[in-house]
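These are the residues of each chain, in order.
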Amino acid sequence: MSKGILYDATMCIGCKQCEQACATENGLPYDDKVAAQEVTSAHKYTTVLTKDDKFMRRMCMNCDDPACASVCPVGALKKTSLGPVTYDKSRCMGCRYCMAACPFGVPKYEWDKAVPGVRKCIMCGKRVAEGKQTACAESCPTGATKFGDRDALLEEAKKRIHDNPGNYLPHIFGETEVGGTSVMLLSSIPFNSFGYRTDLTERALPMYTYQVLSRIPDFVPLFGTMLGGIYWITHRRQDVAEAEANEKGQKGGAQ
Amino acid sequence: MTVPRIRFTFWKAVFAVIMVGGIYCTFLRFFRGLGASTNLSDQFPWGLWIGFDVMCGVMLAAGGFTLTAAVEIFNIKRFHSIVRPTILTAFLGYLLVCAALMYDLGLPWNIWHPLIMRNPHSVMFEVAWCVMLYTTVLALEFSPIVLEHFKLKRALRVVRSFMVVFVILGVLLSTLHQSSLGTLYLIMPNKLHPFWWSPLLPVFFFLSAIAVGLAMTIFESSMSSKYFGRELELPILRDLGRVLVVVLALYGILRFEDLLHRGVLKLVFTPGYEQRFFLLEIFLSVIAPLGLLLIPKVRENAQGLYLAAVLTLLGFVTNRLNVTITGVEIAVGGRYAPKWTEVVITVMFVALGFAIFGLAAKYLPIFPEEKAQIPALREPSTRFSEAAVPVHAGD
Ligand code: SF4
Ligand code: SF4
């Protein structure tokens, strides 16, 4: 059963407990200065954005069919069956294709390190595997960040909108974006006022490249045969000429 | 002759300065990290080194497969004499691309990981394998030149008997590799500006590689006739110019149709940042060279061909940089310009390319002696010609 996170901005009070808990869980520095940074970075995997009296979290969406994992040549990023998209630095070669490909600009890089790695929220892969909820959900005092089965959370999100249509935008961000994501968001004001793109395709991004890549095994024998065939045809006349010349040479007894 | 001597020393000095700068920047890159030595950021994980050194490096190496395909597979013998320089360029190009990758990768010592860690769904995985295999094939295609120089006849015969296989593999791998650099960007439909994102990206990259391969061959031949005092093979270059016209026209029409069907055409006439770069690219890569080459006087003339070739090269370099940098600026909300260290490293690679090409041209049988017909790769009538002419035909 795939897990997920439902973040309901209307219930959020902006206390940033989730930021704190995330930092502790991942061994990241956290103080007032970090708390004031309203961007995710190599040392901050999630952030609570404030706009007047509204809030919004940003973090890795842990996509159902993640672009980052699909593009990683060495499988350092992986979508686990439980939902989290995890990272294994020992495989990574630092090509940063994951950063270029992520539609949400999530993966960050340790630019200043001599042995840099990719950094992003991994939806507490270890905790989730142990049957626990994510650190952020556990720490949330209001239930704005809720952990559970993705399907159940999706139903709940729909119900909340249905029961309280005045309170919400009729949009569950992450339900269908780029093929659906494990993290889903509810809000009363447009998502793009917090920098979320609302023009994203509903198609899973890896399909765009897979469409081409999946043809290669068929293409190689066809194209190879074609090249070999052209060679064979274009060189035939030459072979004939050589054979004739050889024959003449031998008959003439020159050698 | 004093004039060429002075120029030679001058270029040597320039080269030395570039190398000193390059070594210093290499030190910065490997001891201070990517952050200190580049303007790369979380918004711009790819910059000049990917956009130019890798993307353009591979593209500029395309003459190798274009010409070997024409000569060895399509058996167009006219082009025989210019195959070797293009193979040298391709081989050098790929070696430099590999070197540049070592600078750009965050963990370069893991560069071999794709050998044992597979993700066939990743275009980068395909790219990695293409780079490794094609560099190997290029080394093999290049080897007869070295073997000939050292008169290792037996090894030469062995390599030559397999040459057809290498050539076919080379063309196949190049086709995959050139197009896959475009495929890399297919996963960014919401990120790359619609001028450049297209489901046809792999086709565009492949077609433009052929155009650049031809332009590069014209460029090289002109340069080497200037600096190595070789006779210019004008009739051959004229033929190449004609092929270039056809390829550019195909490319231009396809780009136009693609913009039309995706409904992006009106953007072309809406002033804007991306629009300016797009127009610059299209002007340099298609309109200007096509316009020039369609004038018979220009097409028949060495300077005209040279100019058209240079424009084509500049145009497609602009294209690759647009795809890598300009096209994503709006989506990530920022601008990128390379840091001086990035520029110095790139210039160092270009200088190294020129220098090694010059050395190889001087010491290895890259260019055919006047009159003596050197078989480009495979000696089609080895047995016969050896029997008839005891002294090896290639020397
Ligand atoms: S949001 Fe980005 S980094 Fe996170 S899983 Fe999706 S593609 Fe990967
Ligand atoms: S930077 Fe590392 S994790 Fe990201 S795609 Fe490259 S190898 Fe994979």
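Look a little higher up for the structure.
Residues numbered from 1 in each chain as written. Chains lettered and ligands numbered in written order. Predicted model: local features only at pLDDT ≥ 70, side-chain atom pairs only at ≥ 80, totals over all residues. Heavy atoms only, no water.

A. Quick peek at the overall build of chain A. A count of helical and extended segments in chain A gives ten helices and nine strands. The C-alpha atoms of chain A give a radius of gyration of 27 Å, which is well past the 18 Å a tight globule of 255 residues would have. Evaluated residue by residue, chain A yields a buried proportion of 50% over its 255 residues. Within chain A, contacts between residues separated by at least 24 positions form 57% of all contacts whose residues are at least 6 apart in sequence. As displayed, chain A offers around 12100 Å² of accessible surface, 54% of which is attributable to carbon and sulfur atoms. (Helix = DSSP H or I, 4+ residues; strand = E, 2+ residues; numbered from the N terminus. Rg over C-alpha atoms; globule rule 2.2 N^0.38 Å. Buried < 20%, exposed > 50% of the residue type's maximum accessible area, 1.4 Å probe, protein only. Contact = heavy atoms within 4.5 Å. Areas by Shrake-Rupley, 256 points an atom, 1.4 Å probe, with all protein chains shown as cover.)

B. Structural context of the site of ligand 2. Taken together, 13 residues sit near ligand 2, with Cys-72, Cys-92, Cys-95, Arg-96 and Cys-98 of chain A positioned nearest. Grouping the constituent residues of the shell around ligand 2 by class yields eleven nonpolar, one polar and one charged. (Near = heavy atom within 4 Å. Nonpolar A, V, L, I, M, F, W, Y, C, P; charged D, E, K, R; others polar.)

C. Region of the structure containing the site of ligand 1. Lining the immediate environment of ligand 1, one finds 14 residues, of which Cys-60, Met-61, Cys-63, Cys-68 and Cys-102 of chain A sit closest. Split by residue class, the shell around ligand 1 holds twelve nonpolar, one polar and one charged.

D. Spatial organisation of the nonpolar core. One finds Tyr-97, Phe-104 and Leu-185 of chain A together with Trp-46, Leu-184 and Tyr-185 of chain B to be the most contacted residues of the largest nonpolar core, which totals 193 residues. For this core, the element with the most residues is helix α9 (residues 201-227) of chain B, which contributes 14 residues. Both domains that furnish three or more residues to this core are identified here as domain 1 (3-209) and domain 2 (217-254) of chain A. Ignoring anything within four residues of it in the chain, the contact list for Tyr-185 of chain B reads Tyr-97 of chain A together with Trp-46, Met-55, Leu-192, Trp-197, Leu-201, Val-323 and Thr-324 of chain B. With nine residues, the next largest nonpolar core counts Leu-153, Ala-157, Tyr-168 and Met-184 of chain A among its residues. (Core = buried A, V, L, I, M, F, W, Y, C linked by side-chain atoms within 4.5 Å. Domains from an automatic or database assignment.)

E. Region of the structure containing the packing of helix α3 (residues 48-60) of chain B against helix α14 (residues 302-332) of chain B. All names here are of chain B. Running from N to C, α3 and α14 point in directions that differ by 140°, and their axes come no closer than 9 Å. By the criterion of interaxial angle, the relationship of α3 to α14 is oblique. Judged by the sense of rotation from one axis to the other, the crossing of α3 with α14 is right-handed. On the side of α3, the interface is formed by Leu-48, Ile-50, Gly-51, Phe-52, Met-55, Cys-56, Met-59 and Leu-60, while α14 contributes Leu-313, Phe-316, Val-317, Arg-320, Leu-321, Thr-324 and Ile-325. Along the lines of polarity and charge, the residues of the contact of α3 with α14 split into twelve nonpolar, two polar and one charged. (Axes fitted to C-alpha atoms, helices over the stretch in contact; angles between N-to-C directions. Parallel < 35°, antiparallel > 145°, perpendicular 65-115°, else oblique. Left-handed = near helix turned anticlockwise from the far one by under 90°.)

F. Focus on helix α8 (residues 163-183) of chain B. Taking 1.5 Å as the rise per residue, α8 of chain B with 21 residues should run 30 Å; its terminal C-alpha atoms sit 29 Å apart, in good agreement. The element α8 of chain B is largely enclosed, with a buried count of 18 among its 21 residues. (Expected span 1.5 Å × (residues − 1).)

G. Spatial organisation of the layout of surface pockets. Of the volumes computed, that of the largest pocket is approximately 1800 Å³. Lining the largest pocket are 48 residues, and of these Val-350, Ala-351, Gly-353, Phe-354 and Ala-355 of chain B lie nearest its centre. Of all the secondary-structure elements, those providing two or more residues to the lining of the largest pocket are α1 (3-32), α3, α5 (83-104), α9, α14 and α15 (340-363) of chain B. Residue contributions to the lining of the largest pocket peak at 14 residues, all from α15 of chain B. Looking at side-chain class alone, the lining of the largest pocket contains 34 nonpolar, eight polar and six charged residues. The wall of the second largest pocket is formed by 28 residues, among which Arg-58, Phe-104, Gly-105, Val-106 and Lys-108 of chain A lie closest to the centre. Of all elements in the fold, only β2 (47-51) of chain A together with α14 of chain B reach the threshold of two or more residues within the lining of the second largest pocket. (1 Å grid on protein atoms, 1.4 Å probe; cavity = no way out; pocket = protein on both sides within 12 Å on 5 of 7 lines; lining within 4 Å. Points joined across faces, edges and corners; volume = space filled by probe spheres on them.)

H. Seen up close, the pattern of salt bridges. Residues and elements named next belong to chain A. In this structure the tally under the stated criterion is 26 salt bridges over all chains. Between Glu-110 and Lys-89 there is a salt bridge whose closest N-O contact spans 4.0 Å. Of this pair, Glu-110 sits in the loop between β6 (108-109) and β7 (118-119) while Lys-89 sits in the loop between β5 (85-87) and α4 (97-101), and the two are 21 residues apart along the sequence. The class for Lys-89 is partly exposed, based on a relative accessible area of 33%. (Salt bridge = Lys/Arg side-chain N within 4 Å of Asp/Glu carboxyl O.)

I. Focus on the interface of chain A and chain B. Tallying the contact residues gives 55 residues for chain A and 58 residues for chain B. Buried surface at the junction of chain A and chain B, summed over both partners, amounts to about 4900 Å²; 64% is from carbon and sulfur atoms. Two residues, Arg-96 of chain A and Asp-104 of chain B, come together in a salt bridge whose shortest N-O distance is 3.0 Å. For the pair chain A and chain B, the interface holds 25 residue pairs in polar contact (both at pLDDT 80 or more). Taken together, the residues of the side of chain A that touches chain B sort by class into 33 nonpolar, 13 polar and nine charged. (Buried area = accessible area lost by both parts, 1.4 Å probe. Polar contact = N/O pair within 3.5 Å; in protein donor to acceptor, adjacent residues only side chain to side chain.)

J. Seen up close, a nonpolar patch on the surface. Residue and element names in this part refer to chain B. A cluster of nonpolar side chains, contributed by Tyr-24, Phe-27, Phe-30, Phe-31, Met-102, Ile-111, Trp-112, Leu-115, Ile-116 and Trp-340, occupies part of the molecular surface with about 1000 Å² of accessible area. Element by element, the count of residues in the nonpolar patch is highest for α1, at four residues. Structurally, the position occupied by Ile-116 is in the loop between α5 and α6 (123-149). (Patch = residues over 30% accessible without salt bridge, like charges linked within 9 Å, V, L, I, M, F, W, Y side chains within 5 Å.)

K. The arrangement of the side chain of Arg-127 of chain A in detail. Residue and element names in this part refer to chain A. Within the fold, Arg-127 resides in helix α5 (residues 125-129). Engagement of the side chain of Arg-127 in a polar contact is seen with the backbone oxygen of Gln-133, the distance being 2.8 Å. Not counting the four nearest positions on each side in its chain, Arg-127 is found in contact with Glu-25, Lys-132, Gln-133, Thr-134, Ala-135 and Glu-138.

L. Structural view of unusual backbone geometry. Unlike most non-glycine residues, Val-178 of chain A shows phi in positive territory, near 35°. Its place among the elements puts Val-178 of chain A in the loop between α7 (150-163) and β9 (183-186). We classify Val-178 of chain A as buried; its relative accessible area is 2%. In this structure, Lys-151 of chain B takes a positive phi of about 55° despite not being glycine. Taking relative accessible area as the criterion, Lys-151 of chain B reaches 53% and is therefore assigned exposed.

M. View of the packing of aromatic side chains. Throughout the structure, instances matching the rule amount to 27 aromatic pairs over all chains. Centroid distance Phe-104 of chain A to Phe-173 of chain A: 6.1 Å. Interplanar angle 65°. Geometry classified as edge-to-face. Here Phe-104 of chain A, found in the loop between α4 and β6, pairs with Phe-173 of chain A, found in the loop between α7 and β9; they are 69 residues apart in sequence, far enough to count as distant. Each member of the pair, Phe-104 of chain A as well as Phe-173 of chain A, carries the same accessibility label: buried. Between Trp-46 of chain B and Tyr-185 of chain B, the aromatic rings sit 6.0 Å apart at their centres with planes inclined by 80°, giving edge-to-face as the arrangement. Of this pair, Trp-46 of chain B sits in the loop between α2 (34-37) and α3 while Tyr-185 of chain B is found in the loop between α8 and α9, placing the two residues 139 residues apart along the sequence. (Phe/Tyr/Trp six-rings, centres within 6.5 Å; stacked < 30°, edge-to-face > 60°.)

N. Seen up close, the packing of α5 of chain B against α6 of chain B. Residues and elements named next belong to chain B. With their axes 9 Å apart at the nearest point, α5 and α6 run at an angle of 135° to one another. It follows from the interaxial angle that α5 and α6 lie oblique. Crossing geometry of α5 relative to α6 is assigned as left-handed. Contact with α5, carried on its side by Arg-84, Ile-87, Leu-88, Ala-90, Phe-91, Tyr-94, Leu-95 and Cys-98, involves Val-131, Tyr-134, Thr-135, Leu-138, Ala-139, Glu-141, Phe-142, Ile-145 and Glu-148 of α6 and no other residues of that element. Here the residues of the contact of α5 with α6 sort into 13 nonpolar, one polar and three charged.

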